[in-house]
Amino acid sequence: MKFGMLGPLEVWDGDERLNLGGPQQRALLAVLLVNANSVVSADRLIDHLWGERPPDSARRLLKGCIAGLRKALRVGRTDRLLTHPPGYLLEVLPGERDLDRFDELVETAGRLPDDPPVQAAALREALSCWRGPALDGLVPEACRAEAARLDERRLSVLEQRVDLDLRIGRYPELVAELQALVRQHPLRERLWAQLMLALHGANRQSDALAVYRRIRRSLVEQLGVEPSATLRQAHRVVLAGTPEAAARTTARAGASPVPAQLPAVAAGFTGRDAELAELTHLLTASRSAVPILAVLGAPGVGKTELALRWAHAVRDRFPDGQLYVDLRGYDPGPPLAPAVALAGVLAGLGVAEPDHAVEVDERAARFRTAVSGRRVLLVLDNAATVEQIRPLLPGTPSCAVVVTSRNTLPGLVALHGAHRLGLGPLPPEDARTLLRKLIGERADAEPLAAAALAEHCDRLPLALRVAAEYVTGRPAEHLAVLAGELGEHRLEVLEAGGDPRAGVRAAFSWSARRLPPEASRVFRLAARFRSLDAETVAAALGGGACAARRVLELLAAEHLVAPGAAGRYVVSGLLRAYAASLDEPFRPAAHHPPTRLLQGEAPGADAGSPHPRRNHDRDSRSVPA
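**Student:** Account for helix H8 (residues 189-201), with residues named and values stated.
**Tutor:** Owing to its 3.6 residues per turn, the α-helix brings residues three or four apart onto one side. End to end, H8 covers 18 Å across 13 residues, agreeing with the expected 18 Å (1.5 Å per residue, within 8%). Counting buried residues in H8 gives twelve out of 13 residues, a clear majority hidden from the surface. Of the residues making up H8, those classed as buried are Glu-189, Leu-191, Trp-192, Ala-193, Gln-194, Leu-195, Met-196, Leu-197, Ala-198, Leu-199, His-200 and Gly-201. Following H8 by one or two positions, Asn-203 has its phi on the positive side, about 65°.

In C-alpha cells form, the structure reads like this:
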C-alpha cells in the first residue's frame, strides 16, 4: 500500500487508487498519517475534525468515520487501522508514505561528495515525489499545520537544488523558474537572492539590480526590515563581480557564514501543540523593539525541549542564522558569564575578536552591530537572572530571542517587554503517549501501570524519560511492579545512574541551592504539606503573615511551589519527596527564631527583580544536593 501526502491525499493498493470517501474521512486519514504508528486519542481526533465546538454526536460520528475508513482501506479492526485506547493507530510500513521516500532521497543527496551535477540530480529526484502542495484541499488545522511544515521543507530542498544549479551555470533555465517562484513566495529572501545571481550570470546585471530594489522596497514597506545578509551578499556580487565571479561565489552567497547552532530535539517529543502555537502567535503579535519570548517552568518540565522544537520549526523565518547559548543558570557549575557568552555568540557570527581586551559593554555593542538588520534567532537556554540575558539582547526588531528559565524573570518583562509562556506538566494523555513512545508495547500491555508510572513522575518529561530508561533496563519485570517501586522510592529510581544532568534529584538541587536560608527553610517545610499558605508558614516558623507570603512568592518565582486557590501554594509530589530528602531536617520556630526575611527585613534586591539578593556560596551550603 502507498500513501500519498505530498500533494492531494491519495492511497494506492498496488495499481489501484482507493476511494477514500468524503472530506471528514479524508481529514481523519490525514491526521492518522501525520501521526503514523502513534496512538491518537479520540478527543484529539474530535478536536481536529470538528474544532472547539464539536456536535454532541461527535464520538458516534468519529466511530462511523473509522469504520468507513477501514472499509475504504480494506482493513479490519486488527489490521492497519487499530483501536488502541484511548484512540486509534494507523500502522504504516517503512517507505509506504511518499514523505518517507522524499526524506530518504534528501538524506542520500546530503551524503554525496561535493559534485554539483550529481547532487542536483539527486535533489531533483527527491523533489519529483511532490505532486502539488502537501495534503492539498484538507481543512482541519492539524492538516494545515503539517502541510505548512512539509511545504517549507520542500522549499528548503528546492533552494538547495537551485544553489547547485547556479554553481553548474544553468542561468537561463533558472531565471524563468525563479521568476515564478518569487511570485509564489514574494517575501522569501533566499529565492530573490538566487534570482539576482541567475540574472547576473545570464549577463542581465541591470535586471538583477532592479530585482534587489524591488525586494528591498517590499521588505521595508511590508515588514519594516532591511534585506537579510544573504540578499545583501548577492547585491554585492552583482555590483562588483563578473558572471564568472558570481558562479564562483554562489555557494558562499547562498550559504554565507550563517550560524545553525540549534541542538537536536530529544527523541519522542510529545504534545505541547497549544504552547507551540502560542509561541508563534507571540512572535508575530509582539510589538516590542525585539520579540522576546520567555518559556518558564519548574525543573524537568521540558522548557528546553519546547523552545528547541519551536526554534527548529520557525528557523526558516530567520535566514541569517540561529544561535544557541546554554547560560548554565541551574547547573552543577557556575553560571555562564555574559562576557563569555558574548564571545561565543560573536564567534558564531564570524566576528573576529580584537587584539585588545574588551569589556562586556563593548562586546554587547559589537554583537548588536553584527546582527543589525539581520534575521537572527537567539535561544538563551537555562537562564538564572536577567543580568545574564540583558547584554545578549539584539537591538533590531528583525531578530527574536527565546529564553528558558525556572525564574519568572520579572525584570525582563518590566524593562524589555518579554512575553511569558508558563509551562506545566504534560496532560495525562500526552504523558502516557510519551511513555508509550519510550517503552513501546509494555505501556499498551499494562495501561493502568503506565498511567500510574506517569503520575508518580508528576508527568514531568525529564522524570518520564528517566523512568523509561529504568523500565527498559528491566525487560523481564512487570510494569506494575516497577511502577510500585517508583511510587515507594521516587528519587532513588529517578537518579539516572547518578548523571548530574539527567537525575531528577540533581535537577531539583540546582534550584534549591539558589535559595536564601529563609526560603530554604520554608521549602523544607513543604515536605510535610501538600500545600502551604502564609498563615501556616508564619505559625511554623515565626514572623508575620506578610513576610511569610513574600517567601512563598519567591519560591513560586523559582517554580518550586505553584500558586493555587485561596492564597495557597501547591507542592508537587516529587518536590515534596526531594524536600523531605534534604540532609538537614525542618525544625519549627522554637529552635529557629525568625530570620530577617520572615521578620519583614528584605535583603537588597537586584534591579528590576523583587527577589532577595542571593549569596551563592552560602546557599550551596544551606541546602545539600
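**Student:** Can you lay out the packing of helix H9 (residues 205-223) against helix H10 (residues 229-240) for me, pointing to particular residues and giving the numbers?
**Tutor:** Put simply, H9 and H10 touch, their axes get as near as 10 Å, and they point 155° apart. The angle between the axes of H9 and H10 places the two elements in the roughly antiparallel class. For H9 against H10, the interelement crossing comes out left-handed. Residues Gln-205, Ala-208, Leu-209, Tyr-212, Ile-215 and Leu-219 of H9 touch H10, and the partners they reach there are Leu-231, Arg-232, His-235, Val-238 and Leu-239. Class assignment for the residues of the contact of H9 with H10 results in eight nonpolar, two polar and one charged.

**Student:** Which residues make up the sheet that holds strand E10 (residues 400-405), and what values go with them?
**Tutor:** With respect to topology, five strands assemble into an open sheet ordered E8-E9-E10-E7-E11, the strand pairing being parallel. This sheet does not close on itself; its edge strands, each paired only once, are strand E8 (322-326) and strand E11 (419-423). Taken over all neighbouring pairs, the strand axes of this sheet differ in orientation by 15° on average, direction set aside. Across five bridges, the pairing between strand E7 (residues 292-297) and E10 is parallel.

**Student:** Could you give me a rundown of unusual backbone geometry, with the residues and numbers involved?
**Tutor:** Geometrically, the link from Pro-85 to Pro-86 is a cis peptide bond, its omega value of 10° lying close to zero. Within the secondary structure layout, Pro-86 lies in the loop between strand E5 (81-84) and strand E6 (87-90). Even without being a glycine, Asn-37 presents a positive backbone phi close to 65°. Positive phi outside glycine occurs at Leu-135, with the angle close to 50°.

**Student:** I'd love a proper account of the pattern of salt bridges, names of residues and values included.
**Tutor:** Side-chain pairs of opposite charge can arise where the charged atoms are in close proximity. Enumeration over the complete set of coordinates arrives at 28 salt bridges. Of the charged contacts in the structure, one is a salt bridge between Asp-165 and Arg-124, with a shortest N-O distance of 2.7 Å. Here the residue Asp-165 occupies a position in helix H6 (residues 141-168), and Arg-124 occupies one in helix H5 (residues 116-127), the gap between them amounting to 41 residues. According to the relative accessible area criterion, Arg-124 is partly exposed, its value standing at 36%. Here Arg-170 makes a salt bridge to Asp-165, at a shortest N to O gap of 2.9 Å. Look at Arg-170 and you get partly exposed, because its relative accessible area is 26%. Note on Asp-165: relative accessible area 0%, which makes it buried. One connected set of salt bridges, linked through shared partners, spans Arg-124, Arg-161, Asp-165, Arg-170, Glu-173 and Glu-177.

**Student:** Mind laying out the sheet that holds strand E3 (residues 16-17), listing which residues take part and the relevant values?
**Tutor:** Across the sheet, which stays open at both edges, the three strands sit in the order E1-E2-E3 with antiparallel pairing between neighbours. This sheet does not close on itself; its edge strands, each paired only once, are strand E1 (2-4) and E3.

Conventions used here
- Residues numbered from 1 in each chain as written.
- Predicted model: local features only at pLDDT ≥ 70, side-chain atom pairs only at ≥ 80, totals over all residues.
- Heavy atoms only, no water.
- Helix = DSSP H or I, 4+ residues; strand = E, 2+ residues; numbered from the N terminus.
- Expected span 1.5 Å × (residues − 1).
- Buried < 20%, exposed > 50% of the residue type's maximum accessible area, 1.4 Å probe, protein only.
- Axes fitted to C-alpha atoms, helices over the stretch in contact; angles between N-to-C directions.
- Parallel < 35°, antiparallel > 145°, perpendicular 65-115°, else oblique.
- Left-handed = near helix turned anticlockwise from the far one by under 90°.
- Contact = heavy atoms within 4.5 Å.
- Nonpolar A, V, L, I, M, F, W, Y, C, P; charged D, E, K, R; others polar.
- Pairing = 2+ DSSP bridges.
- Salt bridge = Lys/Arg side-chain N within 4 Å of Asp/Glu carboxyl O.

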